[in-house]
Amino acid sequence: MTNPEPLIIINQSNLSVDEARSLIESQAKPVSCVNKVEIRSSLGRFLAEDILSKINVPSHTNSAMDGYAINGNDIPTNAAATLNVTCTVLAGQPFNGKINSGECARIMTGGMMPEGTDTVIMQEDVERNNDIITIQACHRKGQNVRQAGEDLAIGQVILEKGHKIMPAELGVLASLGLSEIKVHRRLRVAFFSTGDELRSIGESLGDGEIYDSNRYSLYGMLSRLGVDIIDMGVIADRREDIQSAFIAAAENADVVITSGGVSVGEADFVKETLDELGEVKFWKIAMKPGRPLAFGKIKNAAFFGLPGNPVAVMVTFYQFVQNALLIMAGANIKPRLQLRLPSNSSFKKAPGRTTFIRGIISNDKDGKMTVCSTGQQGSGILNSMAQANCFIVLGHDDGPVNKGDIVTVEPFEGFI
Ligand code: AMP
Ligand code: MG
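Keep in mind that what you see is a predicted model, and the values were worked out from it rather than measured. (Residues numbered from 1 in each chain as written. Chains lettered and ligands numbered in written order. Predicted model: local features only at pLDDT ≥ 70, side-chain atom pairs only at ≥ 80, totals over all residues. Heavy atoms only, no water.)

**Section: the overall build of the protein**
Then step 1. When you go through the protein residue by residue, the secondary structure sums to 7 helices and 27 strands.
Then step 2. Its C-alpha atoms give the protein a radius of gyration of 30 Å, clearly above 22 Å, the size a compact globule of 416 residues would have.
Then step 3. Counting only C-alpha atoms, the protein reaches 90 × 50 × 45 Å along its principal axes.
Then step 4. Going through the 416 residues of the protein one by one, you find that 46% of them count as buried.
Then step 5. A total of about 19,700 Å² of accessible surface is found on the protein, and carbon and sulfur atoms cover 49% of it.
Then step 6. Within the protein, the 47 negative side-chain charges are centred at a point lying 3 Å from the centre of the 40 positive side-chain charges. (Helix = DSSP H or I, 4+ residues; strand = E, 2+ residues; numbered from the N terminus. Rg over C-alpha atoms; globule rule 2.2 N^0.38 Å. Buried < 20%, exposed > 50% of the residue type's maximum accessible area, 1.4 Å probe, protein only. Areas by Shrake-Rupley, 256 points an atom, 1.4 Å probe, with all protein chains shown as cover. Lys, Arg positive; Asp, Glu negative; His and termini not counted. Charge placed at Lys NZ, Arg CZ, Asp CG, Glu CD.)

Below is the structure:
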């Protein structure tokens, strides 16, 4: 990958999904180049430093309501009590005097709590006559007050290295007053399709030809990861074209992804070229769909040779490529989000491989969440991915599933 460590991978048949995943993830290293960027430019990127708080947020204890700041000891225990309003505190305009017992301050949301007060009575709970308020016995000392540092405390690690910057993180960074932060540079990913039967959108289809859909689903999956994308199109099955495509891709990108041409008996030049240019192993993974997968390096770029079947491309991307790309982009990888749900479909399944079924999670009429199959599961039926909102994962050692059995489900939104 980015640093030239020896590959410890081997040509393997019948590698389990878990073994393939851990081999791939163990090879992935974050790109070493770090950029210091204006915080807005860090959106979608991964922190290359821990963010420590140098200030308390909020910096001062303040009111969470429009109302009256009082000393909690003045809250009556039984009957109502009256207090004198001696000043007004607006947000950003502190009152530097002191509030004594029997007194209170008119205070607005965000206003700094004056000395001698620790509790706010919201204005709707108060009767006011001139400068006298009447409060009831139903209040709690300390209510409606935001303590200094309760959001972000001084000295605290707020966001850890590897954390992804999302909209809330931008707000958090701004509330710390930070203008610039260090993030990993964006990963560059080049991809192309191979196969003489493939035509690009805009071309007409001859006999036996199909449109190249893999480049589009790959584009979508890569875009959501926030990497820089180099789409190299369809490369014809000619030795020189394949060679120059791999050379250009490896020179310009951290990662090269292809689809098609990795299955056994494939009459193309992909394997030949990879043998010449890189250190690539061809695996047969005990999974369905997505059995063939090539993985390794071409020059200094990581390489993933995905199968050609459109569903297999998406399954292998989500199961093997996505986490590797995230690690290279500098991310802290979180455990995969999995649910355990009752299945509304039954499945034939023999132990010995992992099966990924396109599923639909929904609520039944009683509001209980269940999952069912999208129907036909052929690895060319890409529309099943468009209808699905999850994978139903039948584990390596699992047998058949009956309707009502509990199954493992990976929701699509959880992949990011
Ligand atoms: P392969 O792995 O090259 O043997 O391809 C397996 C199947 O996937 C074949 O039916 C191909 O026509 C199909 N396929 C390969 N690449 C693509 C692509 N980019 N878009 C759509 N289908 C493809
Ligand atoms: Mg092919």
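**What to know about helix 5 (residues 270–277)**
Because an α-helix packs 3.6 residues into every turn, residues spaced three or four apart end up facing the same way.
Then step 1. When helix 5 is considered as a whole, its buried residues turn out to be Val 270, Thr 273, Leu 274 and Leu 277. Down the axis of helix 5, the smallest arc covering the buried residues is 100°, so these residues share one side. Residues of helix 5 that are exposed and point more than 90 degrees away from the buried face comprise Asp 275 and Glu 276.
Then step 2. Buried residues belonging to helix 5 abut strand 14 (188–194), helix 4 (239–252), strand 19 (278–285), strand 21 (292–298) and strand 22 (301–306). (Arc of directions from axis to C-beta. Contact = heavy atoms within 4.5 Å.)

**A closer look at the pattern of salt bridges**
Then step 1. Considering all chains together, one arrives at 11 salt bridges under this definition.
Then step 2. One salt bridge in this structure joins Glu 272 and Arg 239, with 2.7 Å as the shortest N-O distance. With Glu 272 in helix 5 and Arg 239 in helix 4, this pair connects stretches of sequence that are 33 residues apart.
Then step 3. Here Arg 239 falls in the partly exposed class, since its relative accessible area comes to 38%.
Then step 4. Counted as one network, the salt bridges with shared partners bring together Asp 212, Arg 215 and Asp 231. (Salt bridge = Lys/Arg side-chain N within 4 Å of Asp/Glu carboxyl O.)

**Observations regarding the environment of Met 166**
Then step 1. Structurally, Met 166 can be placed in the loop between strand 12 (157–159) and helix 2 (167–175).
Then step 2. A relative accessible area of 37% places Met 166 in the partly exposed class.
Then step 3. Along the primary structure Met 166 and Gly 44 are separated by 122 residues, whereas in three dimensions their C-alpha atoms are 5.9 Å apart.

**A look at the confidence of the model for the protein**
Then step 1. Taken as a whole, the protein shows an average pLDDT of 93; of its residues, 95% reach a score of 70 or greater.
Then step 2. Throughout residues 1–8 the model reports pLDDT below 50, and contacts reaching past four residues in sequence, or to other chains, amount to 27 contacts. (pLDDT = per-residue confidence, 0-100.)

**A look at empty space enclosed by the protein**
Then step 1. As enumerated under the stated definition, the model contains 1 cavity of 30 Å³ or more in all.
Then step 2. Together, Gly 44, Arg 45, Phe 46, His 184, Arg 185, Arg 186, Leu 187, Leu 225, Gly 226, Val 227 and Ala 329 line the largest cavity. (1 Å grid on protein atoms, 1.4 Å probe; cavity = no way out; pocket = protein on both sides within 12 Å on 5 of 7 lines; lining within 4 Å. Points joined across faces, edges and corners; volume = space filled by probe spheres on them.)

**A word on the packing of aromatic side chains**
Then step 1. A full pass over the atoms with the stated rule returns 9 aromatic pairs.
Then step 2. Each ring, one from Phe 391 and one from Phe 412, has its centre 5.1 Å from the other, and the planes form 75°; the classification is edge-to-face. Of this pair, Phe 391 sits in strand 26 (residues 390–394) while Phe 412 sits in the segment after strand 27 (406–411), placing them 21 residues apart in sequence.
Then step 3. Phe 412 sits in the buried class, given a relative accessible area of 12%. (Phe/Tyr/Trp six-rings, centres within 6.5 Å; stacked < 30°, edge-to-face > 60°.)

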